[in-house]
Amino acid sequence: MGKKSEIDFEFGFHPNPAYTFENFVEVPSNQKVKYVLLQVAQSVRKKRGKTNGARSKEQCEDANHEMMLNDLFNNSKIDTPDHQVDSSKQRKVFAEFIPNPIFIFANPGLGKTHLLHAIANYVKDDFLLISGAEFLRRYIYAVERGMVNALVDYILTRKIILFDDVHELDRVETKGTRNFFFHIFSTAIPYGVQFVVTSDRPPRKLKNFEERILSRFEGGYVEEIQPPSAEEKLAILRRKLQEKGFSISDDILFLIAKNSPPNIRFLEGVILHLEILKDMGMEITEDIVIRTLSEKFSIDVRRRDKFIKEIAEECGRFYGVGVQEIFSSKKSYSATSARYLLIYVLHKKGMKGYEIAKKTGISHPIVFRAIDIMKKRVQESPELSQIVEKIIQKF
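Fair warning: this is a prediction, and the values are worked out from it, not measured in the lab.

A. How the structure looks around the packing of helix α7 (residues 175-188) against helix α8 (residues 211-218). Across the interface, α7 lies against α8 with an axial gap of 10 Å and an inter-helix angle of 40 degrees. What the angle tells us is that α7 and α8 run oblique. α7 and α8 meet at a crossing whose hand is left-handed. Residues R178, N179, F181, F182, F185 and S186 of α7 touch α8, and the partners they reach there are R212, I213, R216 and F217. Residue composition of the contact of α7 with α8, by class: 5 nonpolar, 2 polar and 3 charged.

B. Examining helix α18 (residues 382-394) more closely. Counted at 1.5 Å a residue, the expected span for α18 with its 13 residues is 18 Å, and the 18 Å between its end C-alpha atoms agrees. When α18 is considered as a whole, its buried residues turn out to be L384, I387, V388, I391 and I392. An end-on view of α18 places all buried positions within 130 degrees of arc, on one side of the element. Structural note: α18 exposes P382, E383, Q386, K390, Q393 and K394 on the side pointing more than 90 degrees away from its buried face.

C. Highlighting the pattern of salt bridges. Applying the stated criterion across every chain yields a total of 17 salt bridges. K34 is the partner of E26 in a salt bridge, and the nearest nitrogen-oxygen pair spans 3.2 Å. Measuring nitrogen to oxygen at the nearest pair gives 3.0 Å for the salt bridge that ties E173 to R171. Its relative accessible area of 61% is what places E173 among the exposed residues. Through salt bridges that share partners, E134, R137 and R138 make up one connected network.

D. Molecular detail of helix α16 (residues 353-360). Turning to α16, its buried residues number three or more, namely G353, E355, I356, A357 and T360. Within two residues after α16, G361 carries a phi angle of roughly 80 degrees, on the positive side.

E. Looking closely at the sheet that holds strand β4 (residues 127-131). Read across the open sheet, the 5 strands follow the order β4-β5-β6-β3-β7; overall the sheet is parallel. Edge positions in the sheet fall to β4 and β7 (221-224), since each of these pairs with one other strand and no more. Pairs of neighbouring strands in the sheet enclose a mean axial angle of 15 degrees, with direction left out of account.

F. Region of interest: a nonpolar patch on the surface. A grouping of L272, I276, M280 and M282 is seen on the molecular surface, where their side chains present a nonpolar patch of about 380 Å² in accessible area. Its place among the elements puts I276 in helix α11 (residues 264-279). With relative accessibility at 44%, the residue I276 sits in the partly exposed group.

Here is what the cut-offs are and how they apply
Residues numbered from 1 in each chain as written. Predicted model: local features only at pLDDT ≥ 70, side-chain atom pairs only at ≥ 80, totals over all residues. Heavy atoms only, no water. Axes fitted to C-alpha atoms, helices over the stretch in contact; angles between N-to-C directions. Helix = DSSP H or I, 4+ residues; strand = E, 2+ residues; numbered from the N terminus. Parallel < 35°, antiparallel > 145°, perpendicular 65-115°, else oblique. Left-handed = near helix turned anticlockwise from the far one by under 90°. Contact = heavy atoms within 4.5 Å. Nonpolar A, V, L, I, M, F, W, Y, C, P; charged D, E, K, R; others polar. Expected span 1.5 Å × (residues − 1). Buried < 20%, exposed > 50% of the residue type's maximum accessible area, 1.4 Å probe, protein only. Arc of directions from axis to C-beta. Salt bridge = Lys/Arg side-chain N within 4 Å of Asp/Glu carboxyl O. Pairing = 2+ DSSP bridges. Patch = residues over 30% accessible without salt bridge, like charges linked within 9 Å, V, L, I, M, F, W, Y side chains within 5 Å. Areas by Shrake-Rupley, 256 points an atom, 1.4 Å probe, with all protein chains shown as cover.

In structure tokens form, the structure reads like this:
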């Protein structure tokens, strides 16, 4: 946390050591934000200077993170909802210039707080990590004790301010605190203090924030963490289970991913419950998971067999055939096309070939042949590609 200057009370949080860049589960929906914030952390730590001679532990960590960034951005492009960003251009921008402020927004449970703590753990000192609610409490405390100027002096000695949940100041009655925030904000940035702010909504939806603050937010770098897709939730579940050292069948993971909200904290909560049940000697079956989701999380679970039938009905509508024909051995054009479409949609939803064969009763050779054929057809036919995406979005 560093020295307290002249204030005689704790201001800000110590970061949770469990929140690091290494254990942040990276998926396409959050990849870009992680990259940007890692660049920020590296930039701030480098400002502290390096000593000559043998490489320090921090220098080694910097080198490791640089290798990680190179691997990430040399091998892929970053997808955003509206367009693709050329990774080489994006990397060059952040290598030469770190925007200030950086404003990250997302729904609850998607990793905003994890990433702020990861920055603090990476930077190690000369940071201020604080939430909107804590900032409000401590500002009132400083006013009551006549220590506002000392508080400003303390804040301006930080190299980076990590401000979590700024939307907690978005109330009519917190105008005085917002004025103080603006004073800190507008003073610190010319001093070279880096600002990273998170919120559950974009700047323009902070209805009680004054234009002078909003325009400064928007004058920096604004980015959203997108909710994870079903495939990304599967990846997150697998990573979390790997960290805990136990496994669950893919059928059950798919059931959890399909029926859970796009919230990483929710997924962690489900895993915690299942871990406790497993430690108690219980076998983690589909029935156990359905009961856990229903009783502990009030989730109405659709079993996978019902889920597959619903998708099959939708696929059949496009070709004028019923579910029975899709699951039959009929080789008519309509039945085969609907069958291949069902297989490909299930594959795109995260099911593996052998799982599709097991759950649908369609033979393994047909399943794998259908996946290969549909990949080519979708590339060649924009209309078919739209049909696939429409079904995936519906379910």
